[in-house]
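The lines below spell out each chain.
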Amino acid sequence: MTTKYAALLRGINVGGSRKVPMAQLRAVLGDLGHSDIATYLQSGNAVFSSADTDEHTLAAGIEAAIEKAFGFRVDTLVRGGPYLRAVADACPFPAASLEGKQLHVTFFSETVAPQRLASIDTAAHLPEEFRLGDRALYLYAPDGLGRSKLAAALSRPGLLKGVVATSRNWNTVVKLVEMTRD
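The rules behind the values
- Residue numbers restart at each chain and count upward from 1, following the sequence in its written direction.
- The predicted origin of the model limits local features to residues at a pLDDT of at least 70 and limits the giving and counting of side-chain atom pairs to 80 or more, whereas totals for whole chains, interfaces and linings rest on all residues.
- Hydrogens are left out, water is left out, and the side-chain values use all remaining heavy atoms of the structure.
- Helix numbers and strand numbers start at the N terminus; a helix is a DSSP run of H or I with at least 4 residues, a strand a run of E with at least 2.
- Each radius of gyration reported is based on C-alpha atoms, and the globular scaling rule is 2.2 Å times the count of residues to the power 0.38.
- The cut-offs for exposure are 20% and 50% of the maximum accessible area for each residue type, with area from a 1.4 Å probe on protein chains only; residues under the lower value are buried, those over the upper are exposed, and the others partly exposed.
- Here the Shrake-Rupley method, with its probe set to 1.4 Å, supplies the accessible areas, and only the displayed protein chains count as covering residues.
- Think of it this way: Lys and Arg go in the positive column, Asp and Glu in the negative one, and His and the chain ends go nowhere.
- Every charge is mapped onto a representative atom, which is NZ of Lys, CZ of Arg, CG of Asp or CD of Glu.
- Only strands joined by at least two bridges in the DSSP assignment are considered to pair.
- Here an angle of 0 to 180 degrees is reported between the N-to-C directions of two axes, which are lines fitted to C-alpha atoms, with helices fitted over the stretch in contact.
- In what follows, residue pairs with any heavy atoms lying within 4.5 Å of each other are defined as contacts.
- To form a nonpolar core, buried Ala, Val, Leu, Ile, Met, Phe, Trp, Tyr and Cys residues must be joined to one another through side-chain atoms within 4.5 Å.

Let's shift gears to the overall build of the chain. Secondary structure summary: the chain contains 5 helices and 8 strands in total. Going from the N terminus to the C terminus, the chain shows its helices and strands as β-α-β-β-α-β-α-β-β-β-α-β-α. Taken over C-alpha atoms, the radius of gyration comes to 16 Å for the chain, in line with the 16 Å a tight globule of 182 residues would show. Residue burial in the chain is summarised as follows: out of 182 residues, 47% are buried. Accessible area for the chain stands at about 9,100 Å²; split by element, carbon and sulfur atoms hold 51% of it. For the chain, the separation between the mean place of its 20 positive charges and that of its 18 negative charges on side chains is 5 Å.

Now the structure itself:
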């Protein structure tokens, strides 16, 4: 029995550095024994099937294989299709009435307690808002992520120290849910 997973690679193919061509990423995943491999966009989204059920072990294997193939380490989160569907279903914002660029999900390597984000003055950033979910943070940024002062505050060094975090816009989240559906 296999499960469909999404591998979320952090910080690749941005600004001409840390290049990981998607065809080569698919080959790396195949060499690890995964099947049903597909990639989405150039920003580090891959879907695959595996009999392994431990997301941390899968992520560590992908990180090691990428480092061997490309010569640099890439933080990777692996999440199963049911988890991705649950994240989409739990969205606290009206996703259906928003543009994909206005809503983002930051996936975390572990649960982030609300106290870690308590220093953020949420009222000062309105109408932008965020909500915590299951190893995820939902960010509503009406003018997009690039102009978001709240996103900048959330990415301050030290705020999430020790936690791997990688963000995807809502369109990508929805696509990954579709791609990991069994």
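Another point: the sheet that holds strand β7 (residues 136-140). Read from one edge of the open sheet, 4 strands run β6-β7-β5-β8, paired in antiparallel fashion. Either end of the sheet is taken by a strand with one partner, and the two such strands are β6 (129-133) and β8 (165-169). Strand-to-strand twist in this sheet, taken as the mean axis angle between neighbours without regard to direction, amounts to 20 degrees. Inspection of the sheet shows strand β5 (residues 103-108) paired to β7 by 5 bridges, in the antiparallel sense. Across the sheet, residue V105 finds its bridge partner in β7, namely Y138. Contacts between helix α3 (residues 81-89) and the sheet are confined to β5 and β7, with β5 contributing the most and set at about 135 degrees to the helix. Most of the contacts of helix α5 (residues 170-179) go to β8, to which it runs at about 95 degrees, and overall it touches β5, β7 and β8.

A word on the pairing of β7. With respect to burial, β7 is a largely interior element, 5 of its 5 residues being buried. Burial along β7 is two-sided: A136, Y138 and Y140 and L137 and L139, pointing in opposite directions, are all buried. In terms of strand pairing, β6 meets β7 through 5 bridges, oriented antiparallel. Directly across from G133, in β7, lies its bridge partner A136. Two successive antiparallel strands, β6 and β7, enclose a turn made up of 2 residues, where R135 displays a positive phi of approximately 55 degrees.

Quick look at the nonpolar core now. If you look at the biggest cluster of nonpolar residues, it comprises 24 residues, and the most contacted ones within it are V105, F107 and W170. Those elements giving two or more residues to this core turn out to be β1 (3-9), α3, β5, β7 and α5. With 5 residues, the top contributor of residues to this core is α5. Apart from the residues within four sequence positions on either side, V105 is in contact with V87, A136, L137, Y138, T166, S167, R168, W170 and V173.

Moving on, we come to the environment of T3. Of note, T3 is situated in strand β1. The class for T3 is partly exposed, based on a relative accessible area of 23%. Each C-alpha atom, one on T3 and one on G81, is 7.8 Å from the other, the two residues being 78 residues apart in sequence.

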